[in-house]
Amino acid sequence: MSDATPPFSAPIAFVGGGNMARSLIGGLIARGADPARIRVAEPVPALREALARDFGVPVFERGEDAVEGAQVWLLAVKPQVMREVCGSLAAQARAQAPLAISIAAGITAGQLDRWLGGGAAVVRAMPNTPALLGAGITGLYANDAARPRFDQAAELLSAVGPTVRIDDETQMDAVTAVSGSGPAYVFLLAEAMQQAGEAQGLDSDAARALVVQTLLGAATMLRGSEESAATLRARVTSPGGTTQAAVETFEAGGLRELVARAIAAATERGRQLSAANE
Ligand SMILES: NC(=O)C1=CN([C@@H]2O[C@H](COP(=O)(O)OP(=O)(O)OC[C@H]3O[C@@H](n4cnc5c(N)ncnc54)[C@H](O)[C@@H]3O)[C@@H](O)[C@H]2O)C=CC1
Ligand SMILES: O=C(O)[C@@H]1CCC=N1
């Protein structure tokens, strides 16, 4: 795992300016990247205008215009449209030989290479939305042609949080299931804790403040400690106390098995997204 480094300075073209692109663009600019070097293609006028207004980046309706002259392409469209988008860029991919970084769940480097016309330097990256705050984490896999340029991809993504190199591409679906989708699991837990606190009589503002700082504090302890989550949990859990009552309820309800099933389902969906868009 590499730590965050100073922002990337080479021109980069984002193809797709939706939620994840916005998090990455915002994170890069907050870390000092030059907005003029970030060219964004986004067909939805309102999204395009918001990106130009909020970040001062040049925006384009068509991917073909955004990638012109850019040596790094960040493909940030949905898996279901990736094939069509790559096809529309294939002639420029052959002419410009860019480093093509895809953040799409499931879509393989082999598919991307084929759709871009063959011989493409492809990196699969799986970031997550905390990138917006420089607090993301990204798994990265490079195909053979991109291996000499792996550091360039890692430098770009490390502007928005640490990166983890993945050598076995099949593991990218598990990365997606754990950290790509992971923020949603934490938000779901936050929703559930807040609702439960309110059910016990807390007002909404108090419940939210208690939940947010508890998640932040626990995550900060996990990051700063050499000790396992299980050890940190044990320190909160007084024998016969309140935590034990809650943890036993979670265990009896099958929380671990439920989490395992959820992550297996997300991993499997990644595989399906690849197969369905073949
Ligand atoms: N949202 C997340 O937390 C994460 C998403 N991803 C991946 O990022 C990709 C984008 O996801 P989101 O940002 O959530 O989706 P999104 O739907 O918010 O963004 C995709 C954008 O692509 C645009 N688009 C569609 N056709 C286009 C074209 N031909 N040229 C240029 N832009 C086009 C859409 O208008 C849309 O704004 C997906 O492949 C997803 O798997 C990866 C990691 C995390
Ligand atoms: O839900 C999805 O498919 C995307 C990939 C990881 C997070 N969002």
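Structure's up top.
Here the structure is a predicted model, which means the values were calculated and not measured.

The rules behind these values
Residues numbered from 1 in each chain as written. Chains lettered and ligands numbered in written order. Predicted model: local features only at pLDDT ≥ 70, side-chain atom pairs only at ≥ 80, totals over all residues. Helix = DSSP H or I, 4+ residues; strand = E, 2+ residues; numbered from the N terminus. Rg over C-alpha atoms; globule rule 2.2 N^0.38 Å. Buried ≥ 20, exposed ≤ 12 C-beta atoms within 10 Å, placed from the backbone. Contact = placed C-beta atoms within 7 Å. Near = placed C-beta within 6 Å. Nonpolar A, V, L, I, M, F, W, Y, C, P; charged D, E, K, R; others polar. Pairing = 2+ DSSP bridges. Axes fitted to C-alpha atoms, helices over the stretch in contact; angles between N-to-C directions. Parallel < 35°, antiparallel > 145°, perpendicular 65-115°, else oblique. Left-handed = near helix turned anticlockwise from the far one by under 90°. Core = buried A, V, L, I, M, F, W, Y, C linked by C-beta atoms within 7 Å.

**Q** Sorry, what's going on with the overall build of the chain here?
**A** Looking only at helices and strands, the chain has twelve helices and eight strands in total. The C-alpha atoms of the chain give 21 Å as radius of gyration, which agrees with the globular expectation for 278 residues (19 Å, within 12%). Here the C-alpha coordinates of the chain stretch approximately 70 × 40 × 30 Å along the principal axes. The proportion of buried residues among the 278 residues of the chain is 36%. Considering only contacts within the chain whose residues lie at least 6 apart along the sequence, 69% involve residues at least 24 apart.

**Q** It is not clear to me how the site of ligand 2 should be interpreted in this structure. Could you clarify?
**A** Contacts to ligand 2 come from Ala105, Thr176, Gly180 and Ser181. Residue composition of the shell around ligand 2, by class: one nonpolar, three polar and no charged.

**Q** When you look at the sheet that holds strand β2 (residues 38-41) in this model, what are you seeing that I'm missing?
**A** The strands making up a sheet associate through hydrogen bonds between their backbones, and the pairing can be parallel or antiparallel. Taken in spatial order, the eight strands line up as β3-β2-β1-β4-β5-β6-β7-β8 in an open sheet, and their pairing is mixed. The two strands at the open ends of the sheet, each matched to only one other strand, are β3 (59-60) and β8 (163-165). Sitting on the sheet, helix α6 (residues 150-157) is in contact with β1 (12-15), β4 (72-75), β5 (99-102), β6 (121-126), β7 (138-142) and β8, with an inclination near 165° to β7. Contacts between helix α7 (residues 172-180) and the sheet are confined to β6 and β7, with β6 contributing the most and set at about 35° to the helix.

**Q** I keep staring at the packing of α7 against helix α12 (residues 255-276) and nothing clicks. Help me out?
**A** At a closest axis distance of 8 Å, the pairing of α7 and α12 adopts a crossing angle of 135°. Judged on the interaxial angle alone, α12 and α7 are oblique. Handedness of the crossing formed by α7 with α12: right-handed. Side by side, α7 and α12 meet where Asp173, Ala174, Thr176, Ala177 and Val178 of the first sit next to Ile263, Ala266, Thr267, Gly270 and Arg271 of the second. Of the residues belonging to the contact of α7 with α12, the class tally is five nonpolar, three polar and two charged.

**Q** I tried to follow the pairing of β7 on my own but got confused; where do I start?
**A** Consecutive side chains along a regular strand alternate between the two faces of the sheet. Of all five residues in β7, five are buried, a share of seventy percent or more. Along β7, one buried face is formed by Thr138, Leu140 and Ala142 and the opposite face, lined by Gly139 and Tyr141, is buried too. Of the strand pairs in this sheet, β6 and β7 are connected by four bridges, and their pairing is antiparallel. Paired with Ala125 across the strands is Leu140, a residue of β7.

**Q** Teacher, can you tell me more about the nonpolar core here?
**A** Across soluble globular proteins, you tend to see nonpolar side chains buried next to one another. Counting 62 residues, the largest nonpolar core has Phe14, Val15, Val40, Leu75 and Ala100 as its most contacted members. Setting aside its immediate chain neighbours within four residues, Phe14 contacts Ala21, Ile25, Ile38, Val40, Ala41, Ala66, Leu74 and Ala76.

**Q** It is not clear to me how the site of ligand 1 should be interpreted in this structure. Could you clarify?
**A** Close contacts around ligand 1 come from 27 residues, with Gly16, Gly18, Met20, Ala104 and Ala105 the closest. When contributions to the shell around ligand 1 are tallied by element, the ones reaching two or more residues are α1 (19-30) and α4 (79-96).

**Q** Teacher, can you tell me more about the environment of Gln194 here?
**A** Within the secondary structure, Gln194 sits in helix α8 (residues 182-199). When the 19 C-beta atoms within 10 Å are taken as the criterion, Gln194 is described as partly exposed. Sequence spacing of Gln194 and Leu222 is 28 residues, and the spatial spacing of their C-alpha atoms is 22 Å. Once you skip the residues sitting within four places of it in the chain, Gln194 turns out to touch Ala207, Arg208 and Val211.

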